[in-house]
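Next come the chains, spelled out residue by residue.
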Amino acid sequence: MRLFIGVWPSREMVAEVQEFIRSAASGSTGLRWVPPENLHFTLRFLGEVADERVAGLTEELQQAATGCRPFPLTLGKTGFFPNVHSPRVVWLGVEHGTKELAHLAAMVQTVGSEWGLEPSGQRFQPHLTIARVARGALPMFVPGKEPRFQSTTTVTSFSLIESRLQPGGSVYRSIADFVFPEDRPIDS
Ligand code: ATP
Ligand code: MG
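The notes below deal with the structure included here. (Residues numbered from 1 in each chain as written. Chains lettered and ligands numbered in written order. Predicted model: local features only at pLDDT ≥ 70, side-chain atom pairs only at ≥ 80, totals over all residues. Heavy atoms only, no water.)

1. Concerning helix H1 (residues 11–25)
Here comes step 1: With 15 residues, H1 should cover 21 Å at 1.5 Å per step; its first-to-last C-alpha distance of 20 Å lies within 8% of that length.
Here comes step 2: Burial in H1 covers these residues: Met13, Val14, Glu16, Val17, Phe20, Ile21 and Ala24. Projected down its long axis, H1 shows its buried positions confined to an angular sector of 165°, all on one face. Structural note: H1 exposes Arg11 and Arg22 on the side pointing more than 90 degrees away from its buried face.
Here comes step 3: In this structure, the buried side of H1 is in contact with strand S2 (31–33), strand S3 (41–48), strand S4 (71–81), strand S5 (89–94), strand S6 (127–133) and strand S7 (152–155). (Helix = DSSP H or I, 4+ residues; strand = E, 2+ residues; numbered from the N terminus. Expected span 1.5 Å × (residues − 1). Buried < 20%, exposed > 50% of the residue type's maximum accessible area, 1.4 Å probe, protein only. Arc of directions from axis to C-beta. Contact = heavy atoms within 4.5 Å.)

2. Description of the environment of serine 26
Here comes step 1: Within the secondary structure layout, serine 26 lies in the loop between H1 and S2.
Here comes step 2: In the structure, serine 26 is positioned 103 residues away from threonine 129 in sequence and 18 Å away in space, judged by C-alpha atoms.
Here comes step 3: Within the structure, serine 26 has its side chain in polar contact with the backbone oxygen of serine 23 (distance 2.9 Å). (Polar contact = N/O pair within 3.5 Å; in protein donor to acceptor, adjacent residues only side chain to side chain.)

3. Notes on the side chain of serine 163
Here comes step 1: Mapped onto the elements, serine 163 comes out in strand S8 (residues 157–164).
Here comes step 2: Apart from residues lying up to four places away in sequence, serine 163 is in contact with Arg2, Phe4, Ser170, Val171 and Tyr172.

4. Here we look at the pairing of S7
Here comes step 1: Residues Thr153 and Val155 point to one face of S7 and are all buried, whereas Thr152 and Thr154, pointing to the other face, are not buried.
Here comes step 2: When S4 meets S7, the two strands line up antiparallel, connected through 4 bridges. Pairing of proline 72 across the sheet is with threonine 154, part of S7. (Pairing = 2+ DSSP bridges.)

5. Looking at the layout of surface pockets
Rolling a probe over the atoms, with the probe sized like a water molecule, indicates the empty space that remains.
Here comes step 1: Looking at the largest pocket, its volume works out to about 1000 Å³.
Here comes step 2: Every residue lining the largest pocket is counted, 33 residues in all, and those nearest its centre are His40, Thr42, Phe45, His127 and Arg132.
Here comes step 3: Counting residues per element, the ones that place at least two in the lining of the largest pocket are strand S1 (2–7), S2, S3, helix H3 (98–114) and S6.
Here comes step 4: When grouped by side-chain class, the residues that make up the lining of the largest pocket number 13 nonpolar, 14 polar and 6 charged. (1 Å grid on protein atoms, 1.4 Å probe; cavity = no way out; pocket = protein on both sides within 12 Å on 5 of 7 lines; lining within 4 Å. Points joined across faces, edges and corners; volume = space filled by probe spheres on them. Nonpolar A, V, L, I, M, F, W, Y, C, P; charged D, E, K, R; others polar.)

6. Focus on the packing of aromatic side chains
Here comes step 1: Summed over all chains, the structure comprises 7 aromatic pairs.
Here comes step 2: Taking the centre distance of 6.3 Å and the plane angle of 45° together, the rings of tryptophan 33 and phenylalanine 141 count as tilted. A residue pair is termed long-range when its members are at least 10 positions apart, and tryptophan 33 in strand S2 and phenylalanine 141 in the loop between S6 and S7 qualify at 108 residues.
Here comes step 3: Given the relative accessible area of 18%, phenylalanine 141 is considered buried.
Here comes step 4: Ring plane angle 50° and centroid distance 6.0 Å describe the contact between phenylalanine 158 and phenylalanine 180, whose orientation is recorded as tilted. Within this pair, whereas phenylalanine 158 is found in strand S8, its partner phenylalanine 180 is found in the segment after strand S9 (171–179), the two being separated by 22 residues in sequence.
Here comes step 5: Classification of phenylalanine 158 by relative accessible area gives buried; the value is 0%.
Here comes step 6: Aromatic rings pair up to connect Trp33, Phe80 and Phe141 into one cluster. (Phe/Tyr/Trp six-rings, centres within 6.5 Å; stacked < 30°, edge-to-face > 60°.)

Dropping the structure here:
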């Protein structure tokens, strides 16, 4: 199955991004907006993984999560892949939590590589994809005004997510959520 590892934004963040998309969509052309249920931060794209390997991978990720701690994540400025001049992807950057998210991505890279999955080869750029350029379109992205996002996602887990490519767009499903242990005071 087609898999990737990612972090889901909070409801509050999804709502705020939806609002931003709504305002940007009215002035923009040639873009396919990401539906709210698909909004996510990618940690690592795995691609096709044989079904019989998923249980082992899950165990490994579960183990990795025990070393993680919750952290707050907030959104930053808009960005474009591969660049602003010929964008294919429009995304929102991360303001607070960049270091922690990069740390998570590096950890997940290690697990993936131990599983013989190809390293992604790209430098990790924390981002939340909000739109893709429609095929053959000359896109125009009009953000209205540069957003100032207020919402926070307290990252308390990451997820192994299945992506099914459908004619209407990909459909994601969490296969497993790896919850971080809370810091607890030592019993006295
Ligand atoms: P669609 O391909 O239908 O536009 P999608 O890109 O959201 O939808 P997938 O291609 O399954 O669906 O990708 C799942 C996640 O992995 C997305 O965050 C996507 O950006 C990322 N991803 C996909 N392919 C790669 C790749 N080759 N390298 C790095 N990340 C990737
Ligand atoms: Mg894709």
